[in-house]
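Chain residues, written in single-letter form:
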Amino acid sequence: MARKMVVVGGVAAGMSAAAKAKRTDPELEVVVYERTGYVSYGGCGLPYFVAGLFDDPRRLVARTPEQFARQGIRVHIRHQVEGIDPERREVRVRNLETGEAFVDAYDVLVLTTGGRPARPPIPGLDLPGAFPLRTVEDGIRLRRFLEREGPRRAVILGGGYIGVEMAEALRTRGLEVTIVEALPQILPGFDPEMAERVREHLEAHGVSVLTGHPVTALEGRGRVERVQAGDRTLEADLAVIALGVKPNAELAREAGIALGATGAVAVDERQRTNLPDHYAAGDVAEVLHRVTGEPAYLPLGTTANKQGRVAGANAAGGHAVFKGVVGTAVFKAFELGAARTGLSEAQARARGWEVKVSQIQHGSRAHYYPGGGPVHVRLIYRPDGRLVGGQIVGPWEAVKRIDVLAAALQAGWTVQDLRELDLAYAPPFSPVWDPLLVAANVAR
Ligand code: FAD
Ligand code: NAD
């Protein structure tokens, strides 16, 4: 009889796992349970949907349940898995449309329940007018509110990745926007010198940025009207909850699947959990940080896709490994892009590492070629020259240079190795000395 794989959660990690498993073993029966109404969507596109770059939310979806069915993968949307019995190899499932509950058996399970927006105990987060942004439905609700209610003043709770991307989205729609951030700087993954450039750019586009002010309450009669942040009260018609992400790991924990120190599911390089034939991948799972050599919680779509593919291959009887990440991320706000990889100076020092820093500013194109602008590069390295991390802020089309630093980190390179790189040059793309080479030269 054919073996059966159940996948819990149908987004980046889950559908990558399902598709790869079916390709690895076409005989394998593959069933996916997803509690929302959509599978295989890019949450990463939600800020651009909210901004109005496109109108049909279905454009966020890469493949529909019908398309998966043609590949022999059975997808059940609006079905929530309520429990896992690893001894009996059964999941308890509830059909959220009919309320009906049933049990489904499996030989191998891939857990990809993802993450959810953090909801610290702040009074008023449930008030109408306060929106998290995670699922397609979240995006539709927020956009409908914008179009029907016409709010004027938006307060974004949290100055991380979603906060900054949503500041652009809402400003583009003409709202007054304030970001409220608890820490002394926005974007805690970046060193303050680099985060400050982003802040200046946001402010130049009319976004107010209030740092060092933890949000303490949302208030209003029947809907959000005010946000309390320390000694400040901000009038608001709309609040966006962007206070970080937490792994949906409760189902795993209740089933006896071990969590790591980060609170996410502990996995090995084949995405195996502590239980045989039980795999986990994506935002519910930890990932090995190749710079520190330790497990970390870095919930990103790019990692979820790779981990899911590896989990699917192994669950279907193949052999695949995921060796980890170096902590690379990139985003855009208005004309500016910012990217990071490895550890920031602050993160390295917090680990007790001695590090040096080289920070430069150089043009993104030849000085006579129209367009472009200054690129800021920050390299963090050990006294022996070994790279620890890097950050780039500049015109948004220029910051994908971070990929060079990501490759250098993965290879264990020094700033000397970086200096010797044969990077492409022509005036529309870079000055004759690329900003990365200038930063490496200065480091030496
Ligand atoms: P999720 O996307 O969280 O999917 C898990 C799914 O499991 C959910 O649909 C959930 O409904 C379902 N589920 C959970 N529990 C159950 C259950 N018990 N039964 C059934 N179903 C269940 N990453 C990047 O790399 N680059 C970006 O630019 C980027 N931008 C982003 C922008 C936004 C606004 C957001 C919210 C995220 C962004 N990310 C980005 C992160 C990226 O979207 C996530 O890392 C990725 O979606 C994780 O995929 P996943 O499959 O692990 O988890
Ligand atoms: P985040 O972790 O990037 O930022 C959360 C911010 O909220 C932090 O700066 C934190 O200090 C702040 N904060 C926490 N409690 C607060 C309080 N009480 N008051 C004020 N500020 C407070 O998380 P996010 O922006 O919600 O995004 C979630 C995840 O989605 C990210 O971790 C990232 O993995 C992913 N994402 C990635 C991208 C990208 O790669 N371009 C874009 C969007 C989202």
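Quick notes on the rules
Residues numbered from 1 in each chain as written. Chains lettered and ligands numbered in written order. Predicted model: local features only at pLDDT ≥ 70, side-chain atom pairs only at ≥ 80, totals over all residues. Heavy atoms only, no water. Salt bridge = Lys/Arg side-chain N within 4 Å of Asp/Glu carboxyl O. Helix = DSSP H or I, 4+ residues; strand = E, 2+ residues; numbered from the N terminus. Buried < 20%, exposed > 50% of the residue type's maximum accessible area, 1.4 Å probe, protein only. Near = heavy atom within 4 Å. Polar contact = N/O pair within 3.5 Å; in protein donor to acceptor, adjacent residues only side chain to side chain. Areas by Shrake-Rupley, 256 points an atom, 1.4 Å probe, with all protein chains shown as cover. Nonpolar A, V, L, I, M, F, W, Y, C, P; charged D, E, K, R; others polar. Phe/Tyr/Trp six-rings, centres within 6.5 Å; stacked < 30°, edge-to-face > 60°. Core = buried A, V, L, I, M, F, W, Y, C linked by side-chain atoms within 4.5 Å. Contact = heavy atoms within 4.5 Å. Axes fitted to C-alpha atoms, helices over the stretch in contact; angles between N-to-C directions. Parallel < 35°, antiparallel > 145°, perpendicular 65-115°, else oblique. Left-handed = near helix turned anticlockwise from the far one by under 90°.

(A) Representation of the pattern of salt bridges in the model. According to the stated counting rule, one finds 30 salt bridges in the structure shown. Notably, a salt bridge pairs E345 with R349, separated by 3.0 Å at the nearest N-O pair. Taken together, the residues span about one helical turn, with E345 and R349 both in helix α9 (residues 345–350) at a distance of four residues. With a relative accessible area of 19%, E345 lands in the buried category. Each of D191, E193, E345, R349 and R378 takes part in salt bridges that share partners, so that together they form one network.

(B) Molecular detail of the site of ligand 2. Taken together, 23 residues sit near ligand 2, with I162, E181, V215, P299 and V330 positioned nearest. Take E165: an N or O atom from its side chain is 3.0 Å from a nitrogen atom of ligand 2. Out of a free accessible area of 840 Å², ligand 2 has 78% covered by protein chains. Listing elements by their share of the shell around ligand 2, those giving two or more residues are α5 (161–172) and β21 (329–333). Broken down by element, the shell around ligand 2 gets its largest block of residues, four residues, from α5. Among the residues making up the shell around ligand 2, the classes are represented as 16 nonpolar, five polar and two charged.

(C) Structural detail: the packing of aromatic side chains. A full pass over the atoms with the stated rule returns five aromatic pairs. Between F49 and F54, the ring centres sit 5.8 Å apart and the planes meet at 40°, which makes this aromatic pair tilted. For F49, a relative accessible area of 4% corresponds to the buried category. Looking at F54, the relative accessible area reads 15%, which means it is buried. Three or more aromatic residues joined by ring pairs make a cluster, and in this case those are Y161, F190 and F331.

(D) Main features of the nonpolar core. In this structure, M166, L170, I186, V198, L202 and L238 are the most contacted members of the largest nonpolar core, which totals 42 residues. In this structure, M166 is in contact with P47, V50, L133, L142, I156 and V240, ignoring residues within four places of it in sequence. Listed in part, the 30 residues of the second largest apolar core include A348, W353, I360 and A443.

(E) Broad picture of the environment of A167. The topology assignment puts A167 in helix α5. The class for A167 is buried, based on a relative accessible area of 0%. Between the C-alpha atoms of A167 and V110, which are 57 residues apart in sequence, the distance is 35 Å. Discounting chain neighbours no more than four positions away, the residues touching A167 are I156, V177, I179, L202, V207 and F334.

(F) Examining the packing of helix α1 (residues 12–24) against helix α8 (residues 301–315) more closely. One can describe the packing of α1 onto α8 by two numbers: an axis separation of 7 Å at closest approach and a directional angle of 30°. With respect to each other, α1 and α8 are oriented roughly parallel. Seen along the crossing, α1 lies across α8 with a hand that is right-handed. Here A12, A13, S16, A17, K20, A21, R23 and T24 of α1 lie close against α8, whose contacting residues are G301, A304, N305, G308, R309, G312 and A313.

(G) Spotlight on helix α12 (residues 435–443). With seven of nine residues buried, α12 lies mostly within the body of the structure. Where α12 is concerned, the buried positions are P435, L436, L437, V438, A439, A440 and A443. The inward-facing, buried residues of α12 contact β23 (356–363), β24 (374–381), β25 (387–395), α10 (402–411) and α11 (415–419). One side-chain oxygen at the N-terminal end of α12 lies 2.9 Å from the backbone nitrogen of L436; it belongs to D434.

(H) Quick look at the site of ligand 1. If you check the shell around ligand 1, you find 31 residues, and the closest are A13, E34, R134, D283 and L300. One of the backbone N or O atoms of A12 is found 3.1 Å from an oxygen atom in ligand 1. Against a free-state accessible area of 1,000 Å², the protein chains account for coverage of 89% of ligand 1. Elements with a contribution of two residues or more to the shell around ligand 1: α1, β2 (29–34), β4 (79–85) and α8. Per-class residue counts for the shell around ligand 1 are 15 nonpolar, 12 polar and four charged.

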